[in-house]
Amino acid sequence: MVPLPRSVSRKVLSRQIGRWPDVFGRTTLVGTANQVQKDIVGSSLIVARPHVSNTLIFNECDLKGIEKDAKTELIKALQNIIDIQKSLPLKNGVWPMGGDDSSNHPQSVSSWKQSVDNALSSGNIPQAIELFYSSPTGIELSRNISVYDSYKNLIFRTDALDTGTAFDIFEASEDFYANAQEIVDGVGSVKLSNCRQQILKRMIKVVSKVTGRSDPNFRLRRTLSYLSTTIQCITEPNLQHELYPLLMSALLKKPVVSLFNKSTKLMEIEKEIWDSAICSLKMMDGNFARENPKLMELYNVVLSQTSYRKQQNLPFIFLVTALLDKGFVPSASVFLKIVQNEYPYENVFITRPILKALLRLQKNKSASMPDYILDLGTIEHLSCVLSRKGNSRELIGLWEYIQEIQNSGNPHYRPTIGLYENLARAFVSSKLKEDELVFSILTTMEDQGLQPSYIFLKGLSQAMRTRSTVSRLDKAGHILRNAHDAYRNSTDYESLGIRASTSALNTIISGYADLGLFEKAYSLYTSFADLNCDPDENTFIFMLDALYMNLSTALPSGYTYGNQNRDWVNSQEETADILVQEASYRGFQTGLLLEKYASILCVVGNVDKARNIVVDMVLDAEQNGQIPDITLDTFSCISLAYASSGDTERADEIKNLCLVSGFENLPPYVEQRICRLRSKTPQNV
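Given the structure is predicted, the values throughout are model-derived calculations rather than measurements.

**Focus: the overall build of the chain**
1) Next: Looking only at helices and strands, the chain has 33 helices and 2 strands in total.
2) Next: When each of the 685 residues of the chain is scored for burial, the buried share is 50%.
3) Next: Contacts spanning at least 24 positions in sequence make up 73% of the contacts within the chain whose residues lie at least 6 apart.
4) Next: Here the chain displays about 32400 Å² of accessible surface, and carbon together with sulfur accounts for 50% of that area.

Shown next, in the form of structure tokens:
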């Protein structure tokens, strides 16, 4: 074998040689061995194919590792071979085999065939192999079609041969077929095609048995390329789609998979085979699956061979999509196994067709078929990945899928709170700014009895304000007010499931709170009754957040309770008292609410009031043998406020209360800051 650069083999040789079987991506140079040796004498680059003594086949591949001068000499020598070929007379429209066959090989093609058949019939496989490798010159151009049967019989005895020999026989048979198909017609053509079909199926079985121990990867790669191109060039769709799944299934055998996982080039060839099969399927008629159930069963065998994370490089889901378009419906167990194989669903270009196929299968399944049910844990994981990437359209498809499962008789298959939250995050982070869909999700959560957490609503509001600041928050409030009116009048907003809800209003209030816009937050808070909503614990926490941000930005650092001009500050403190009293009246007395209230008292300089509340709570809990519902940040805030004013004794008192309440200590950063304040060393923290 003489490796040729692609540019030479394609652009030069294909134009110069009259008879060039290009089907399998190689160039056949026909000339006598003596003529070739006159041009390339003693070259270590030439290794002639052993079973064709007077024919050299130059494979098309790169000349890696060969020096530049050697490449130049090789190309010159090849050009000389071309010139020799052109100088030879034509016989029957083809290039001769370098003189009279009888002078070079007294053995005729017919006698060679008879010898091979006799060796096979007697079970003398080594003799048959030896005869194969000493075949007459120009056998591939023979008009004796029965020679092809001998090749077939040789390949069918591969149980006694090594796969490398089988590969050689297959290549020789393809050379013969490439020439024979042009000189036969009628019954002979049918017989030739049937024989070739049997050879291809047998070679697929041979490939499924390779282990890599005795077969170099380059031989396997070449044979696979031949097989793939051969199947791709078949014009009979039924035969083509019988061979494709057989080959794909053979390459999914465990020993073959282990071999392919060690070779990137083999994996690339396998993926090309899959891509060719998928492309060919897409060109078939829409009723192809219904008209060819046996072929679809072969593809079903391929799909059932998927193994968790073993063949993630293979486009299983795209094969399923192509088969679905042609009317094939995989079983639930097979399809769900393919879905599992794509975990962790980080590639949205794979996840998108998975969800589309999943929804399509569930919608179109018959009543007698089982549901295509994914467990809710997988659904929630999918939604989390899609939410993180902002793929709101795919999440809508996931939502529709859940509804289809519910409608098919699974009322307990309900979205989890995590799925609701992931949907809302995706919509709020979408480039389309789909706030109305966010509010629809929040409304649905309330209808299902699910209360969104403080952290979740805080995240939604931060996403809203960071993408459009105040204007988007104002527009969101406008949507909810209009939705309330439209909901009462049964207009378009009702079809979207949008109406004013406590969680939706809390989200907007939280956005205003982050910006310190207490007036806007308070205005929305006072509209709860008009919108038929009741404030919850989160409402009061966000209102106190807004008040704290408003005060902390308006008051100078080091503001104390004894400062002058306290009228506005007193009004803000009174507002905080009213909010806390209203929350307490409604039964909301949590540690987070106290933390926000204590922060406001510390900002306005009324630290003693915050301390008294904490002391009373700690004493009451201690008397009842309970742990007070006070957060660590509450103790930290009050202790720092005392340390900042120079009252280190009270700061230590709060620290002791923290220990009594079950905490090991104040946070390290708080301890360090108190130590710096105690030593009266000015620090900018």
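**Describing the side chain of Ser228**
1) Next: Looking at where Ser228 falls in the secondary structure, it is placed in helix α10 (residues 217-233).
2) Next: Given a relative accessible area of 9%, Ser228 falls into the buried group.
3) Next: Here Ser228 is in contact with Tyr244 and Ile273, once residues within four sequence places are set aside.

**What to know about the environment of Ile417**
1) Next: Inspection of the secondary structure assignment puts Ile417 in helix α21 (residues 417-429).
2) Next: Taking the relative accessible area as the measure of exposure, Ile417 reaches 35% and is therefore partly exposed.
3) Next: Excluding anything up to four places from it in sequence, Ile417 contacts Met445, Leu450 and Gln451.

**Examining the pattern of salt bridges**
1) Next: Under the criterion given, the structure shown has 21 salt bridges.
2) Next: One salt bridge connects Glu653 with Arg611, and the closest N-O pair in it is separated by 2.8 Å. Residue Glu653 is located in helix α32 (residues 648-660), and its partner Arg611 is located in helix α30 (residues 607-623); the two are separated by 42 residues in the primary sequence.
3) Next: Looking at Glu653, the relative accessible area reads 25%, which means it is partly exposed.
4) Next: Bridged by salt links that share partners, the residues Lys458, Asp514, Asp545 and Lys596 form one connected network.

**A few points about α21**
1) Next: Taking 1.5 Å of rise per residue, the 13 residues of α21 would be expected to cover 18 Å, and the 18 Å separating its terminal C-alpha atoms lies within 8% of that figure.
2) Next: Burial analysis of α21 places 10 of its 13 residues in the buried class, which makes it a mostly covered element.
3) Next: Where α21 is concerned, the buried positions are Gly418, Leu419, Tyr420, Glu421, Asn422, Leu423, Ala424, Ala426, Phe427 and Val428.

**Details of the environment of Phe663**
1) Next: Structurally, Phe663 is set in the loop between α32 and α33 (668-678).
2) Next: For Phe663, a relative accessible area of 27% translates into the label partly exposed.
3) Next: Sequence separation between Phe663 and Leu632 is 31 residues, and the spatial gap between their C-alpha atoms is 7.5 Å.
4) Next: In this structure Phe663 touches Ile630, Thr631, Leu632, Phe635 and Cys658, once residues within four positions along its chain are discounted.

**Some thoughts on the confidence of the model for the chain**
1) Next: Mean pLDDT over the chain: 75, with 76% of residues reaching 70 or higher.
2) Next: Counting interchain partners and residues more than four positions distant, the pLDDT-below-50 stretch residues 88-106 has 29 contacts.
3) Next: Contacts from residues 681-685, a stretch scored under 50 in pLDDT, to residues over four places away or in other chains number 4 contacts.

**Some points on the packing of aromatic side chains**
1) Next: Across all of its chains, the model carries 14 aromatic pairs by this definition.
2) Next: With a centroid separation of 5.7 Å and 35° between ring planes, the pair formed by Phe518 and Tyr522 is classed as tilted. With Phe518 and Tyr522 both in helix α26 (residues 518-525) and 4 residues apart, the pair spans about one turn of that helix.
3) Next: Ring pairing ties together the aromatic residues Phe518, Tyr522, Tyr525, Phe528, Phe540 and Phe588, which thus form one cluster.

**Quick word on helix α19 (residues 376-389)**
Helical geometry note: an α-helix holds 3.6 residues per turn, so side chains three or four residues apart project in the same direction.
1) Next: Here α19 contains 14 residues, and its C-alpha end-to-end distance of 20 Å stays within 8% of the 20 Å for a straight helix at 1.5 Å per residue.
2) Next: Within α19, the full set of buried residues consists of Thr378, Ile379, Leu382, Ser383, Val385, Leu386 and Ser387.
3) Next: Where α19 is buried, its residues contact α18 (348-364), α20 (392-407) and α21.
4) Next: With a side-chain oxygen positioned 3.2 Å from the backbone nitrogen of Gly377, the residue opening α19 is Asp375.
5) Next: Immediately beyond the C-terminal end of α19, within one or two residues, lies Gly390, with a positive phi of roughly 75°.

**Some remarks on the state of the cysteines**
1) Next: Here the structure, examined in full by the defined rule, presents 0 disulfides.
2) Next: Looking at Cys602, it has no disulfide partner, and the nearest cysteine sulfur is the one in Cys637, 3.5 Å off.
3) Next: Cys602 sits in the buried class, given a relative accessible area of 13%.

**Quick word on the side chain of Ser387**
1) Next: If you trace the backbone, Ser387 turns up in helix α19.
2) Next: Residue class for Ser387 comes out buried when judged on its relative accessible area of 10%.
3) Next: What Ser387 contacts, discounting residues up to four positions off in sequence, is Leu395, Asn422, Arg425 and Ala426.

So, how was this worked out
Residues numbered from 1 in each chain as written. Predicted model: local features only at pLDDT ≥ 70, side-chain atom pairs only at ≥ 80, totals over all residues. Heavy atoms only, no water. Helix = DSSP H or I, 4+ residues; strand = E, 2+ residues; numbered from the N terminus. Buried < 20%, exposed > 50% of the residue type's maximum accessible area, 1.4 Å probe, protein only. Contact = heavy atoms within 4.5 Å. Areas by Shrake-Rupley, 256 points an atom, 1.4 Å probe, with all protein chains shown as cover. Salt bridge = Lys/Arg side-chain N within 4 Å of Asp/Glu carboxyl O. Expected span 1.5 Å × (residues − 1). pLDDT = per-residue confidence, 0-100. Phe/Tyr/Trp six-rings, centres within 6.5 Å; stacked < 30°, edge-to-face > 60°. Polar contact = N/O pair within 3.5 Å; in protein donor to acceptor, adjacent residues only side chain to side chain. Disulfide = S-S within 2.5 Å.

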